[in-house]
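Each chain, written out:
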Amino acid sequence: MPDSGSPRVLRKEDNRFLTGRGRYTDDFNRQGQVYGVFVRSEMAHAKINGIKTDAAKQAPGVVAIYTGKDMEADGVGSLPCGWTVTDKHGEAHKAPPHWPLARDKVRYVGDHVALVIARTEAQARDAAELVEVDYEQLPANVETGKALENAPAVHDEAPDNLCFDWELGNKQAVDDAFTKAHHVTKMELRNNRLAPNAIEPRAAIGEYDPGTDEYTLYSTSQNPHLLRLILCAFVLNLPEHKVRVVAPDVGGGFGSKIYCYAEETACVWASKKLDGKPVKWTATRSEAFAADAHGRDHVTHAEMAMDQDGKFLAMKVDTVANLGAYLSNFATAIPTYLYGTLLAGQYKTPAIHCNVRAVFTNTAPVDAYRGAGRPEATYVVERLVERCARDLNLDPAELRRRNFVQPDDFPYQTPVALTYDSGNYELALDEALKMIDYQNFDKRRQESERQGKLRGIGFSAYIEACGLAPSQVVGSLGAGVGLWEAAQVRFNATGSISVFTGSHSHGQGHETTFAQVVAEKFGVPYDNVDIVHGDTGRIPMGMGTYGSRSLAVGGSAIMSACDKVVEKGKKIAAHMLEASVDDIEFDRGTFKVAGTDKQKSIGEIAFAAYVPHDYPEGVEPGLDETAFYDPSNFTYPAGVHIAEVEIDPDTGETKIADWVAVDDFGKVVNPMIVEGQVHGGIAQGVGQALLEDAVYDPDSGQLVTGSYQDYTMPRADDLPSFRVGMTETPCPHNPLGAKGCGEAGAIAAPAALMNAVTDALATDDIQMPATREKIWRLAPAAAE
Amino acid sequence: MPTVSMTVNGQQVSGDVDARTLLVQFLRENLHLTGTHVGCDTSQCGACVVHVDGTSMKACTTLALQCEGSEVTTIEGLAQNGELHPMQAAFKEHHGLQCGFCTPGMVMSAIDLVKRNPDPDEHEVREWLEGNICRCTGYHNIVKAIQHAAKEMRG
């Protein structure tokens, strides 16, 4: 296994988190602050005939109560969907309005009806109980697979509940290939709906300053500038230069904190209404379950055509994707450009066709959740491929090997739009097989059988498109934003370095990894570099953190800014060393005249830049450079996970006996952090495969799994220790060679685990989550 | 409004509270000890775990008034003279935290485990952590950190 030689550096941020000195949004309190509590819909679908607030207004401590009518009167806009998907008939997706406070109807349990503001949170909560909403209940539609079958319409704009009908790939070529197939394997797959569950609930403090006409929003955001942009340009129509968004320490995101939600919008708006009283809202976990954007929720039919040797000839995929009641900011992109484009997997399948019908239902909005489209794609491809191997009675490793894109195929153009840049898929497979001792699996299976247990093994050879994203490409596909990143590298006069990044850390350890990169570049102690993020008042405009983009895109922006520092430093050094700029060489913080021992350190250069008494003509003082980096391609992390399970047929318990992950993230800066990302991703994938399911009652539309008592989060005793290995093929198109690691585990894990479970049970007749009960019902047949 | 008095991190404190005020609210709002977190409303995530008279307790389901006269230790009270408690140090050394939000509860809970069982095996650690949910780490490094801290604390 290649060793990147990267140092395992402990994290800078840990001391504050470990001593209780982290500063999360709910830890902030502003002078004169009042508290907002939302009245939420108890119905999945209803017309609002009236809202009575008289009694609530008389309750102790109440400051104000606002409804959708108040927002309408103020001209508050709709929360936008920022990605226009053009469907197969050339039409833009249906985009019904999404008002921050409902105006005429509520469309899911948890939808926002009124904002009650009081002097204390308890008073606001008590008063919210007194708000009387006159609902006229309407029939609800919550089931993904049934939304298109004469189900009640969620929006008048989409009477059949179809948001768009989208396709990708050459249908004719696929159909032709299927007619020539030696064998066709078919599967029905459900990708279960998940609640993201960052442990820090969302929170916001909106604060308007009537003196300066400025707004400040403290918020649990993964991308403060993007939040500001959406708030200003689409929803509240505010001047962007008058709005500051602070996303301080944020306790996990996993996608759910990307979006501009109703709550922070309402807090900012209400503070203005209240002449500057800061308005604070903190979600309860119940609110998070009801109204944080959910993830996944697909129903898919997939088919693979093969020749007699198991070579893939063509694949077709038909998916219904549930978008919920309203379109969240990037909802439309997830089941299309982040899903259909990944259906080639690691294989040279020559023809692929994918059709996605996205539907509205009376459920919480669905958007990106760790992996976002790519876990759904990997699940389809890897479950199907494993089933192909079983159908053909071939070893699943061997079948994959026969179809892998080979190292000399790169750059590889897939039939579904992407160009893979680099990789070595067989290397990762070989490494994983070795680690799990694949050749002795049968012995282990026999041993389990002797003890009355069922053992299974499952593979997942995943690929993802990360490093989001080349702006021109995403623009041509309908994105409303560019997906570059910005960084500013400021040398202070005494030689320490402040780095300002548009990336946002909410657990990923940027303060450490980015500092390592900069310290290495300038040859300075790591403690002399500080990373500043999460405050639009301090950082250059940046796009934030999601899509495993921080190091590949944000880190590359930092490297570009470092390069500008070096270029300027060379001019200053040339003057100080009385040499030509062309003769100055730079290496790890030292500027040297080529072929001599004349040199200046970066610290001396920085000091000269700020005290420019003896300084080159035409060069500006200061050493402080900003760079914007727009990637030329996505990055393509890939790897192989193998899960081994042992099922107790008497109890239905699935024990994960072993887990091996071999990932190729390109160049790794901090292996300790990267391994941690892999562990966490796998845990979320295991949760999806075995435990988690956001369930709505099909009749009432109530969210059945609305708390930790009903929604099964993975606990420590549900999980094993993981064995993590790495291969390394550097990304060829960014300066760090980095591909991204944040989502891989969640992408790879569900397919590996379900392949193992279905191997043990000897049936594919089970959908995620493979709960203990479902397995208990199936296991006795397998044990016989 | 009733008054409650207790010792928090070695300091005698008192304050006027509603009868319904929770210990976690008293710590966060009255004492500004914001290291103790609230991550759920069903007493399951464990982000709020503190020690009350030496035993780990969920401060989100303990009334402030129940702690009259008690000795309470929060995450802020663990490090002594700037030196991390061995459990804190082990979490750092073994990367047992990512976003840091569940971390205070994890650390406080883990210290109580080691007090009761100075040499827990992996299975015992995982079972003990049933009441603490982490969404970031997959628990792998938390378990490792706790076992290393236990060794350190045994001396």
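Residue positions within a chain follow its written sequence, with the count starting from 1. Note on labels: chains are lettered from A, ligands numbered from 1, in written order. Reporting in this predicted model follows two pLDDT cut-offs: at least 70 for local features of residues, and 80 or more for side-chain atom pairs to be given and counted; totals over whole chains, interfaces and linings ignore these cut-offs and use all residues.

1. A word on the interface of chain A and chain B
Size of an interface: often given as the accessible area lost when the parts come together.
Phase 1 of the analysis: For the purpose of contact definition, each residue receives a C-beta atom placed from its backbone, and two residues are in contact when these atoms lie within 7 Å. Facing 41 residues of chain A, the contacting portion of chain B comprises 43 residues.
Phase 2 of the analysis: Helix numbers and strand numbers start at the N terminus; a helix is a DSSP run of H or I with at least 4 residues, a strand a run of E with at least 2. Going through the elements one at a time, helix 1 (14-18), helix 8 (285-291) and helix 17 (671-691) of chain A are the ones with two or more residues in the side of chain A that touches chain B.
Phase 3 of the analysis: With seven residues, helix 17 of chain A is the largest single contributor of residues to the side of chain A that touches chain B.
Phase 4 of the analysis: Classification convention: Asp, Glu, Lys, Arg as charged; Ala, Val, Leu, Ile, Met, Phe, Trp, Tyr, Cys, Pro as nonpolar; all other residues, Gly among them, as polar. Classifying every residue of the side of chain A that touches chain B gives 17 nonpolar, 16 polar and eight charged.

2. Looking at the pairing of strand 1 (residues 3-8) of chain B
A regular strand places its side chains so that they alternate between the two faces of the sheet.
All names here are of chain B.
Phase 1 of the analysis: Burial in this document is a count-based property: other C-beta atoms within 10 Å of a residue's C-beta are tallied, and the residue is buried at 20 or more, exposed at 12 or fewer, or partly exposed in between, with C-beta positions derived from the backbone. What you see with strand 1 is a clean split: V4, M6 and V8 sit on the buried side and T3, S5 and T7 on the side with no burial.
Phase 2 of the analysis: Two strands pair under a simple rule: DSSP has to find at least two bridges between them. Of the pairings in the sheet, the one linking strand 1 to strand 2 (residues 11-16) comprises six bridges and is antiparallel in character. When the bridges of strand 2 are listed, T3 appears paired with D16.
Phase 3 of the analysis: As consecutive antiparallel partners, strand 1 and strand 2 are separated by two residues, and within that stretch N9 has a phi angle of approximately 50 degrees, a positive value.
Phase 4 of the analysis: With two bridges joining them, strand 1 and strand 5 (residues 71-73) adopt parallel strand pairing. Within strand 5, the position partnered with V8 by the bridge is V72.

3. Some details on the environment of A783(A)
Residues and elements named next belong to chain A.
Phase 1 of the analysis: Relative to the assigned elements, A783 resides in helix 19 (residues 772-783).
Phase 2 of the analysis: We classify A783 as partly exposed; it has 17 C-beta atoms within 10 Å.
Phase 3 of the analysis: Considering only alpha carbons, one finds A783 and D650, 133 residues apart in sequence, at a separation of 9.7 Å.
Phase 4 of the analysis: Residues contacting A783, with those up to four places away along its chain left out, are L454 and P649.

4. Points about unusual backbone geometry
Phase 1 of the analysis: In this chain, F410(A) is followed by P411(A) through a cis amide linkage whose omega measures -5 degrees.
Phase 2 of the analysis: Tracing the backbone through its elements, the reader meets P411(A) in the loop between helix 10 (396-403) and strand 16 (412-413).
Phase 3 of the analysis: In this structure, the amide linkage connecting L468(A) to the following residue, A469(A), adopts the cis form with an omega of -5 degrees.
Phase 4 of the analysis: Mapped onto the secondary structure, A469(A) falls in the loop between strand 18 (454-463) and helix 13 (471-476).
Phase 5 of the analysis: The phi angle at N237(A) is positive, at roughly 50 degrees, despite the residue not being glycine.
Phase 6 of the analysis: Examined against the element boundaries, N237(A) turns out to sit in the loop between helix 6 (224-235) and strand 11 (243-246).
Phase 7 of the analysis: By C-beta crowding, N237(A) is classed as exposed, having 12 other C-beta atoms within 10 Å.
Phase 8 of the analysis: With phi around 60 degrees, S43(B) is a residue other than glycine that occupies positive phi space.
Phase 9 of the analysis: Within the secondary structure, S43(B) is located in the loop between helix 1 (23-30) and strand 3 (49-52).

5. So, the domain arrangement of chain B
Residue and element names in this part refer to chain B.
Phase 1 of the analysis: Throughout, the edges of the domains are those of an automatic or database domain assignment. As assigned here, chain B comprises domain 1 (3-77) and domain 2 (86-154).
Phase 2 of the analysis: Centre-to-centre separation of domain 1 and domain 2, based on C-alpha positions: 21 Å.
Phase 3 of the analysis: Across the boundary between the two partners, domain 1 contributes 15 residues, which contact 11 residues of domain 2.
Phase 4 of the analysis: Listed by contribution, the elements that provide at least two residues to the side of domain 1 that touches domain 2 are strand 3 and strand 4 (55-58).
Phase 5 of the analysis: With three residues, the single largest contributor to the side of domain 1 that touches domain 2 is strand 3.
Phase 6 of the analysis: Broken down by class, the residue content of the side of domain 1 that touches domain 2 amounts to six nonpolar, nine polar and no charged.

6. Some details on helix 16 (residues 602-610) of chain A
Residues and elements named next belong to chain A.
Phase 1 of the analysis: Here helix 16 has its buried residues at I602, I605, A606, A608 and A609. Taken down its axis, helix 16 places every buried residue within 165 degrees of arc, on the same side.
Phase 2 of the analysis: Elements in contact with the buried residues of helix 16: strand 19 (485-491), helix 14 (510-522), helix 15 (550-576), strand 23 (590-593) and strand 24 (599-601). What the arc covers is the set of directions going from the helix axis to the C-beta atoms.

7. Points about the sheet that holds strand 18 of chain A
Residues and elements named next belong to chain A.
Phase 1 of the analysis: Across the sheet, which stays open at both edges, the four strands sit in the order 18-26-27-28 with mixed pairing between neighbours. The strands lining the two open edges of the sheet, one partner per strand, are strand 18 and strand 28 (723-727). On average, adjacent strands in this sheet sit at an angle of 15 degrees to one another, irrespective of strand direction.
Phase 2 of the analysis: Two elements, strand 27 (residues 653-664) and strand 28, share five bridges in a ladder whose sense is parallel. Across the sheet, A661 pairs through a bridge with V724, a residue of strand 28.
Phase 3 of the analysis: Axis definition: a line fitted to C-alpha atoms, limited for helices to the stretch in contact. Angles are taken between N-to-C directions and run from 0 to 180 degrees. Relative to strand 18, helix 12 (residues 441-450) is tilted by about 140 degrees, and along the sheet it contacts strand 18 and strand 26 (638-648).

8. Quick word on the sheet that holds strand 15 (residues 351-360) of chain A
Sheet strands pair by backbone hydrogen bonding; their relative direction is either parallel or antiparallel.
All names here are of chain A.
Phase 1 of the analysis: Spatially, 7-15-14-13-8 is the arrangement adopted by the five strands of the open sheet, whose pairing is mixed. In this open sheet, the two edge strands, each paired with only one partner strand, are strand 7 (162-169) and strand 8 (183-194). Sheet twist, expressed as the average angle between the axes of neighbouring strands with direction ignored, equals 10 degrees.
Phase 2 of the analysis: Direction of pairing for strand 7 relative to strand 15: antiparallel, over a ladder of seven bridges.

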